[in-house]
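# A look at the structure
Listed below are the residues making up each chain.
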Amino acid sequence: MTSIKVENLFGGYSGEPVLTDVSFTVEQGEFFGILGPNGSGKTTLLKMISGVLPFLKGSIFVGDRSIQSFSAKELAQVIAVLSQHSSQAFSYTVKETVALGRYAHKKGLFQTWSQKDEEVVQEVMQWTGIEKFQEQSLEFLSGGEKQRVFLAQALAQEPEILLLDEPTNHLDLSYQKDLLDLLHKWTREKGLTIISIFHDINLAGLYCDRILLLEDGKVIKNDTPKDVLTENTIQQVFKTKIEMHQHPKVPAPLMVLLPDDALENGGTEEVTENHVGVFDDYILLQSPMMLKTMSSGVIGSGIGWYNTFINRYVDKSYHSRNYREELKRFVVEEGLDPSNTVGMMTAVKMENVQYKQYLDKDFSILVVVTAGVGNAVDVSRSVEHPFVYRPGTINTWIIVNGRLSEEAFIQSIITATEAKVKALAELQIPDQETGTIATGTSTDSILIAATQKGKYQEFAGTITPLGKLIGKGVYECTLEAIQKSLKRSPDL
Ligand SMILES: Nc1ncnc2c1ncn2[C@@H]1O[C@H](COP(=O)(O)OP(=O)(O)OP(=O)(O)O)[C@@H](O)[C@H]1O
């Protein structure tokens, strides 16, 4: 019975219209979010659904009954409200405040405190983590603790529908998550229906089944988060620069704000050969600005923003169970910040590195390669290889002074790999297990990093401007690096 249906709702304050023709339905057990800019009418709508603000036109149904046919007490048995600013007297204790939530279930004038009341109150205090200060006076609690007390009070009502006005306001990060996880669980396990105002678009996207987007009192969208939280819609409604990304761990949208100077990133500076340092035990590239990086590094792998790139020499007998931690320690010992660093390892001597800058009219790239081929493998016959680690690896870095699409990052990796394969073929590097021509080594690593400034490079396939430079650069540097290391350390 506990769905909510709002039909053609109009209304506001003393004749001033706030909501115009608002219609939507919330099914039982749904987590329904309301989003919209300041003053768009979210709280006004919630007040009308909770019965404290009359509306001018239209209807609100709770189950199959019009909200106007409920007495205040009847409504309180079905709907509980957690509002933004509670005006409750702060001289009550925590437990007394929560206990007020049981009022809706009392009959007659002289009400007794039943065992069931006590059980419910204790249970909700436990859920919200406030039972330990139940005898304290409310006035001594922090904003977040008070918020949890009022949530417990709303839950003590044992409502079928819970209305929340920014429930995570005042809560620290861990309580925000705990609270929303708990509420989400109740919708699933207890069939609780939740209608909640959110200001945090990302939280709404993570937890809501559906979102109602309001602007100037009108419904702009009423759909799943994926369909409501699009870059265009949010930019138009909130009138600000944002970008829509994907949440890295769950299938939910992730909005990020873009500060006005976001694209300045280090002014006009570029990454050049002068930023590369070759030392006995590592090659270091320190970029003057953060670079968007996609890599298979030992540390800093995946996609992220980094300004320090290190390729460390380790002896061919190197063995560490926790090589990631070990490399991090090394980075710290060298006075570098591991959170800004992508790190790789190689048994190739640093003097065998080959690096060079390649220029196009709109952008440039810097290619850095170390190549040991003692461990070379023909990928088409790698099934014939035992799974044993042998030293010898090709580490390829491509730094682009340019702005790349996500697609271009991926295509850069394909193009660079093809160029590397061609270099191996050119030098007839054998796979020692099969005797055929190798296509790489079994531990190759790659890194594409871009300043994300300058002309947009949408593609990096082999015949695009960026692809041509990567193809030539990686081929030449790999060829040169292999020749150097074959001459000086043929066992790698
Ligand atoms: N009690 C009131 N009397 C008169 N006007 C009001 C009252 N409360 C709100 N308003 C007006 O109604 C409009 C909508 O306000 P409402 O509080 O519903 O917006 P909201 O979307 O919840 O905003 P916010 O995000 O800032 O909380 C605003 O223009 C506001 O000034």
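Residues numbered from 1 in each chain as written. Predicted model: local features only at pLDDT ≥ 70, side-chain atom pairs only at ≥ 80, totals over all residues. Heavy atoms only, no water.

### Some thoughts on the domain arrangement of the protein
- Its domain assignment divides the protein into domain 1 (4-257) and domain 2 (273-488).
- With centres defined by C-alpha atoms, the gap from domain 1 to domain 2 works out at 52 Å. (Domains from an automatic or database assignment.)

### Structural notes on the site of the ligand
- Taken together, Tyr13, Val18, Pro37, Asn38, Gly39, Ser40, Gly41, Lys42, Thr43, Thr44 and His199 make up the full set of residues adjacent to the ligand.
- Take Gly39: an N or O atom from its main chain is 2.8 Å from an oxygen atom of the ligand.
- In this structure, Thr43 approaches the ligand through a side-chain N or O atom, which is 2.7 Å from an oxygen atom.
- In isolation the ligand has 630 Å² of accessible area, and contact with the protein removes 57% of it.
- Of all the elements, helix H1 (residues 42-49) adds the most residues to the shell around the ligand, at three residues. (Near = heavy atom within 4 Å. Polar contact = N/O pair within 3.5 Å; in protein donor to acceptor, adjacent residues only side chain to side chain. Areas by Shrake-Rupley, 256 points an atom, 1.4 Å probe, with all protein chains shown as cover. Helix = DSSP H or I, 4+ residues; strand = E, 2+ residues; numbered from the N terminus.)

### A closer look at the packing of aromatic side chains
- For the structure on display, the rule yields six aromatic pairs.
- Each ring, one from Phe24 and one from Phe32, has its centre 5.2 Å from the other, and the planes form 10°; the classification is stacked. With respect to burial, Phe24 and Phe32 carry one shared label: buried.
- Clustering of aromatic rings is evident, with ring pairs tying together Phe279, Tyr282 and Phe330.
- A cation sits over an aromatic face here: Lys57 above Phe10, 4.4 Å from the ring centre. (Phe/Tyr/Trp six-rings, centres within 6.5 Å; stacked < 30°, edge-to-face > 60°. Buried < 20%, exposed > 50% of the residue type's maximum accessible area, 1.4 Å probe, protein only. Lys NZ or Arg CZ within 6 Å of the ring centre and 35° of its normal.)

### So, the pairing of strand E23 (residues 445-450)
- In terms of residue burial, E23 counts as a mostly covered element, since six of its six residues are buried.
- Going residue by residue along E23, you find Ser445, Leu447 and Ala449 tucked away on one face and Ile446, Ile448 and Ala450 tucked away on the opposite face as well.
- As judged from the six bridges shared by strand E20 (residues 394-401) and E23, these two strands associate in the parallel manner. Bridge pairing links Ile399 to Ala449 in E23. (Pairing = 2+ DSSP bridges.)

### Comments concerning the pattern of salt bridges
- Counted under the stated rule, the structure contains 20 salt bridges.
- Glu215 is paired through a salt bridge with Lys239; the nearest N and O atoms lie 3.0 Å apart. Of this pair, Glu215 sits in strand E9 (residues 210-215) while Lys239 sits in the loop between helix H9 (231-238) and strand E11 (242-246); the two residues are 24 residues apart in sequence, bridging distant segments of the chain.
- Taking relative accessible area as the criterion, Lys239 reaches 61% and is therefore assigned exposed.
- Salt-bridge contacts for Glu406 lead to Lys292; the nearest nitrogen and oxygen are separated by 2.8 Å. Here the residue Glu406 occupies a position in helix H11 (residues 406-426), and Lys292 occupies one in strand E14 (residues 282-295), the gap between them amounting to 114 residues.
- Take Lys292: its relative accessible area is 15%, and that puts it in the buried class. (Salt bridge = Lys/Arg side-chain N within 4 Å of Asp/Glu carboxyl O.)

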